[in-house]
Amino acid sequence: MAGPYASLRQQPPSSAANNNSFITKLLLLLTLIPLSLALFAFFLQWRGGGVNDPISRWSPDESHKFPGMDSSPLATVGHSSSSHSSDCSMLLGHSNTASFPYYRDWKFKFDADLKPKICITTSTSAGLEQILPWMFYHKVIGVSTFFLFVEGKAASPTVSKVLESIPGVKVIYRTRELEEQQARSRIWNETWLSSFFYKPCNYELFVKQSLNMEMAIVMARDAGADWIIHLDTDELLHPAGAREYSLRQLLLEVPGNVDMVIFPNYESSVERDDIKEPFTEVSMFKKNYDHLTKDTYFGMYKESTRGNPNYFLTYGNGKSAARVQDHLRPNGAHRWHNYMKTPNEIKLEEAAVLHFTYSKFSDLTSRRDRCGCKPTKEDVKRCFMLEFDRAAFIIASTATEEEMLNWYREHVVWTDRTLNLKLLRKGILTRIYAPMTIIQGLRESGVFGAVIASAQGSLSKDKFLTFVDSSNSSRTSAAESFSSRKIGRNRESQATARRTLEIIPFPPHEPAVPPLSPPTMDDDLIIEA
C-alpha cells in the first residue's frame, strides 16, 4: 500500500551504495594518516637530522649519550671504584642506571664562550660526602669555577687530592704564607671589619671568610669570571624563575647597570631526627620574609617560630652575587661592596639560597667541638652572633645524649603534621624538590664515585706519601700562625700593618654586614608606630 511515508521505508539501491562507498573511503583515510606520520618520523630519524633533542644542548660534548651507556666512562669507573673501602665512596654511591641525562661524564667541560661565567668561593672544613654533591649540583645549574679555601677534613690528603682533580676547582690551603699574605691585605687594615677581630668561633670564621673573599675576587678576575658568589657548603642556590632551572640564565637577564644580586635565604625544615644526607632527604623549607606578605609573616609568626628565639634558627639576610669589576671588595660573608661607589643592587623575587642548617642531629655536637667557649650565657655572647647558636652550644655542652635529642626534636624537627600542613597552605613553608632530584640523579649516575676513583687512580704511593708529608707540615705551620694571631702574639706583623694604615689612610666605611636574624614581632610594632 502506497502512502505518504513510503519513501522512508524504502531507499533506492544507488543511494545505499553511495553511503557505503563514503564510509569506506573515510575509514581508509583515517588509517593512512597515522601510518604516514609514523613513516615520516621514521624517515627523519633514519636520516640522522631534522629534529634536535632539547636534552642535547645540555651536553657540551659532541656525543650526547647518557651516563651509564657503553661509551660513557661512568659505566666502567663505577665498577672499579667499588673495590675501594672509602666511606665517601659508600656515601656517594653509584649506579649504572641512565637516570641523569644532562652531562656525559663528571668532568662537566664548559665551552669557553659560555656567558656569563660564574664562580663560587667558599671556606670549608667538610668532607667529600658534603662537598661533592654541593659542587656538582652547582655545576649543573651553571657554575664553572670554584675557589675552595680548605682546612680541617677538607685539607686532608685524601679529600683535597680529589678536589684538586676536578676541572675548574682551585684549592687554597690555610698555610703560614696565606696568613702572612692576608695580614698585609687591605681589609685587614681597615676599620669596617675590625670589630670582629680577635674573637673566637663564629667571629673568627666571619673574618676568615671575608679575607678569603678578598683573595677570591683577584682569582675571579684572573679567571675571567663575570659573577662571584660566596656560599657555604651547607647552602644550595635555587634559581627559581629562570628558564631551564639555570643560574647562568638567571644572571644573564640581570640588567647591565646592576652590581649585586641578593638571594633571600630559605631555611631547611627537617621532619625527622635521623637525617643523614640533607641534600637528598630534606624537601621542606621555611620561606624568607622578603618572599612573604607582611600580614602572612607576622600573622603566623608565633606558630612559625615554635618557641625559638627568632623566625629562622640562624641568619635571615640571604647571600649575594656580585658582578666582578674594579674596586670590588667583600662586605662580610653575606654582601659585597665597592670602594668607589655604592653598589646598585636588586633582590630576586623567586630565586633563593637554601640553607640546610642544623639539618642533622650531629650538627649540634660538631658545632660544639669546633668552639672552645664556656657553656655560659655570658661567654657564648663573645663566641656566637645569633641567639639560637648560643642556645644550641649550651645544650650540646651540658646535656646528656637523650636530653640533646629531645631538645633537638622540640626546637628543630617539624613533627606536627597538622601545623606543617597549615603553614604550607599559608605559604610560610614550601616544598622544593629540584635540588634533591638533581643530586640524586648525579649519585645514581656514578658521578661522585667516578671522580673519587679517578683521583685515587692517578695518585701513586710515592706521590701520596710526599703529598701527606707536605700537607701535614703546611697545616702545622698554619695552625701555629693563626693561633699566634688569635691571642695577639704576633705583635710585629700587627705593628707593621698599623704603620701601613697610617701611611695610606683608607676612607671610612660602614661596618661589615654580619649574619642577621629576620624581623621580629617587635619590629612589626615599630613599623606600625
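Residues numbered from 1 in each chain as written. Predicted model: local features only at pLDDT ≥ 70, side-chain atom pairs only at ≥ 80, totals over all residues. Heavy atoms only, no water.

Caption draft 1: Layout of the packing of aromatic side chains. Per the stated rule, a full pass over the model turns up 20 aromatic pairs. Ring geometry for Phe285 and Phe356: centres 5.3 Å apart, planes at 90°, overall edge-to-face. One end of the pair, Phe285, is in strand S8 (residues 284-286); the other, Phe356, is in the loop between strand S13 (352-355) and helix H13 (362-369), with 71 residues separating them in the sequence. Grouping residues by exposure puts Phe285 and Phe356 together as buried. Their ring planes at 55° and their centres at 4.6 Å tell us that Tyr297 and Tyr311 sit as a pair that is tilted. Note that Tyr297 is positioned in helix H11 (residues 294-299) and Tyr311 in the loop between helix H12 (301-305) and strand S9 (319-323), a separation of 14 residues in sequence. There is no split in this pair, since Tyr297 and Tyr311 are both buried. Put simply, the rings of Tyr289, Tyr297, Phe298, Tyr301, Tyr311 and Phe312 pair up and form one aromatic cluster. Above the plane of the ring of Tyr311 lies Lys286, whose end atom (NZ or CZ) is 4.7 Å from the centre. Looking at Arg306, its charged tip hangs above the ring of Trp414, at a distance of 4.0 Å from the centre. (Phe/Tyr/Trp six-rings, centres within 6.5 Å; stacked < 30°, edge-to-face > 60°. Helix = DSSP H or I, 4+ residues; strand = E, 2+ residues; numbered from the N terminus. Buried < 20%, exposed > 50% of the residue type's maximum accessible area, 1.4 Å probe, protein only. Lys NZ or Arg CZ within 6 Å of the ring centre and 35° of its normal.)

Caption draft 2: Molecular detail of the sheet that holds S13. Taken in spatial order, the 5 strands line up as S5-S13-S7-S8-S14 in an open sheet, and their pairing is mixed. Of all the strands in the sheet, the pair left with one neighbour each is strand S5 (235-238) and strand S14 (429-431). Taking the axes of each pair of neighbouring strands and ignoring which way they run, one obtains an average angle of 35° across the sheet. Of the strand pairs in this sheet, S5 and S13 are connected by 4 bridges, and their pairing is antiparallel. Bridging from a neighbouring strand, Glu235 pairs with His355 of S13. Strands S8 and S14 of the sheet are contacted by helix H16 (residues 417-426), whose axis makes an angle of about 85° with S14. (Pairing = 2+ DSSP bridges. Axes fitted to C-alpha atoms, helices over the stretch in contact; angles between N-to-C directions. Contact = heavy atoms within 4.5 Å.)

Caption draft 3: Layout of the pattern of salt bridges. This model, assessed by the stated rule, comprises 23 salt bridges. Note that Lys208 is salt-bridged to Glu151, the shortest N-O span being 3.1 Å. Placement of Lys208 in helix H8 (residues 202-222) and of Glu151 in the loop between strand S2 (143-150) and helix H6 (157-164) is noted, with a sequence separation of 57 residues between them. With a relative accessible area of 29%, Glu151 lands in the partly exposed category. Between Asp290 and Lys347 there is a salt bridge; the shortest N-O distance is 3.1 Å. Of this pair, Asp290 sits in the loop between S8 and H11 while Lys347 sits in strand S12 (residues 345-347), placing them 57 residues apart in sequence. The class for Asp290 is partly exposed, based on a relative accessible area of 37%. (Salt bridge = Lys/Arg side-chain N within 4 Å of Asp/Glu carboxyl O.)

Caption draft 4: Inspection of the sheet that holds strand S6 (residues 260-263) at higher detail. Pairing is mixed in the open sheet, where 7 strands are placed in the order S3-S2-S1-S4-S9-S6-S12. This sheet does not close on itself; its edge strands, each paired only once, are strand S3 (169-173) and S12. Strand after strand, the sheet turns through a mean of 20° between neighbouring axes, direction not considered. With respect to the sheet, helix H5 (residues 128-140) is in contact with strand S1 (118-124), S2 and S3, its orientation differing from that of S2 by roughly 155°. Of the strands in this sheet, S2 and S3 touch H6, which is tilted by about 145° from S3.

Just distances and angles here, no functional claims.
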